Amino acid sequence: GAVVSQHPSRVICKSGTSVKIECRSLDFQATTMFWYRQFPKQSLMLMATSNEGSKATYEQGVEKDKFLINHASLTLSTLTVTSAHPEDSSFYICSARDPASGGVGDTQYFGPGTRLTVL
Amino acid sequence: SQKIEQNSEALNIQEGKTATLTCNYTNYSPAYLQWYRQDPGRGPVFLLLIRENEKEKRKERLKVTFDTTLKQSLFHITASQPADSATYLCALQTGANNLFFGTGTRLTVIP
């Protein structure tokens, strides 16, 4: 199946700093990628949809100026958490849709996630 | 309000038995329903997808049913093994980009 990678897998930063997380589709081109956030014992919540070559679409309640998304190529999307605070500590997961999946449903392939801890 | 509820937060089952996980939803009209496996500290892994007009889908030891009248999906793992221990998530898809997840059921298969 399609493979999606994320980097870094784990990051610890000080409050007020910015953190960039990369999401790559390794063996397919993804025009659309998704960023999710998961707090302990809670479900994955969609933050934004990242479209190659255009602006990201943010879900209600997600600050676009705080969570900057750049989808510069068909295999790379980045999420930058700006001026991070302890409440931003969470598990961030990206996913990508493989167009070659034949359009059956919306089979999304997920990355391994990035654990962000803001001190 | 919209809700996706998975029957229990945790389920323990003896090895070799069939595990049955439940996903109930309200105020959604999903075109597809998907099941994922998530191991601790990892991203979800896609298992099965079932369309709204399908009643049942199978893949090896996995079986999924989808009842749009009851607004419920059942996920079965037959001949369960300790390696099946993980959190299982159901997800509803209502549109091209709209995938909504339940909170998951943590399954433990006891040897």
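Conventions used here
Residues numbered from 1 in each chain as written. Chains lettered and ligands numbered in written order. Predicted model: local features only at pLDDT ≥ 70, side-chain atom pairs only at ≥ 80, totals over all residues. Heavy atoms only, no water. Helix = DSSP H or I, 4+ residues; strand = E, 2+ residues; numbered from the N terminus. Rg over C-alpha atoms; globule rule 2.2 N^0.38 Å. Buried < 20%, exposed > 50% of the residue type's maximum accessible area, 1.4 Å probe, protein only. Areas by Shrake-Rupley, 256 points an atom, 1.4 Å probe, with all protein chains shown as cover. Lys, Arg positive; Asp, Glu negative; His and termini not counted. Charge placed at Lys NZ, Arg CZ, Asp CG, Glu CD. Polar contact = N/O pair within 3.5 Å; in protein donor to acceptor, adjacent residues only side chain to side chain. Contact = heavy atoms within 4.5 Å. Salt bridge = Lys/Arg side-chain N within 4 Å of Asp/Glu carboxyl O.

### What to know about the overall build of chain A
For chain A, the helix and strand inventory stands at zero helices and eleven strands. When its helices and strands are written in sequence order, chain A yields β-β-β-β-β-β-β-β-β-β-β. Against the globule reference of 14 Å for 119 residues, chain A gives a C-alpha radius of gyration of 14 Å, in line with a compact fold. Projecting the C-alpha coordinates of chain A onto the three principal axes gives extents of approximately 45 × 30 × 25 Å. Counting only residues that meet the buried cut, chain A has 50% of its 119 residues in that class. As displayed, chain A offers around 5700 Å² of accessible surface, 51% of which is attributable to carbon and sulfur atoms. Of the side-chain charges in chain A, 11 are positive and 10 negative, and the distance between the mean point of each set is 7 Å.

### What about the side chain of Gln108 of chain A?
Inspection of the secondary structure puts Gln108 of chain A in strand 10 (residues 108-110). A polar side-chain atom of Gln108 of chain A sits 3.1 Å from a polar atom in the side chain of Tyr36 of chain A. Polar contacts involving the side chain of Gln108 of chain A include one to the side chain of Ser95 of chain A, which spans 2.7 Å. For Gln108 of chain A, the residues in contact, after removing those within four places along its chain, are Phe34, Tyr36, Ser95 and Ala96 of chain A together with Tyr36, Phe46 and Leu99 of chain B.

### Comments concerning the pattern of salt bridges
Here the idea is simple: oppositely charged side chains can pair when their charged atoms come close. Using the criterion set out here, one finds eight salt bridges over all chains in the structure. One salt bridge connects Lys41 of chain A with Glu9 of chain B, and the closest N-O pair in it is separated by 3.7 Å. Linking Lys41 of chain A in the loop between strand 4 (32-38) and strand 5 (45-51) with Glu9 of chain B in the loop between strand 1 (3-6) and strand 2 (10-14), this pair reaches from one chain into another. We note that Lys41 of chain A, like Glu9 of chain B, is exposed. Residue Asp84 of chain B pairs with Arg61 of chain B through a salt bridge whose shortest N-O separation is 2.9 Å. With a gap of 23 residues between them, Asp84 of chain B in the loop between strand 8 (72-77) and strand 9 (86-93) and Arg61 of chain B in the loop between strand 6 (56-59) and strand 7 (62-67) connect regions that are remote in the sequence. On the basis of relative accessibility, which here comes to 7%, the residue Asp84 of chain B falls in the buried class. According to the relative accessible area criterion, Arg61 of chain B is partly exposed, its value standing at 25%. Connected through shared salt-bridge partners, Arg51, Glu54 and Lys57 of chain B make up one network.

Don't take any of this as a statement about function, it's just geometry.
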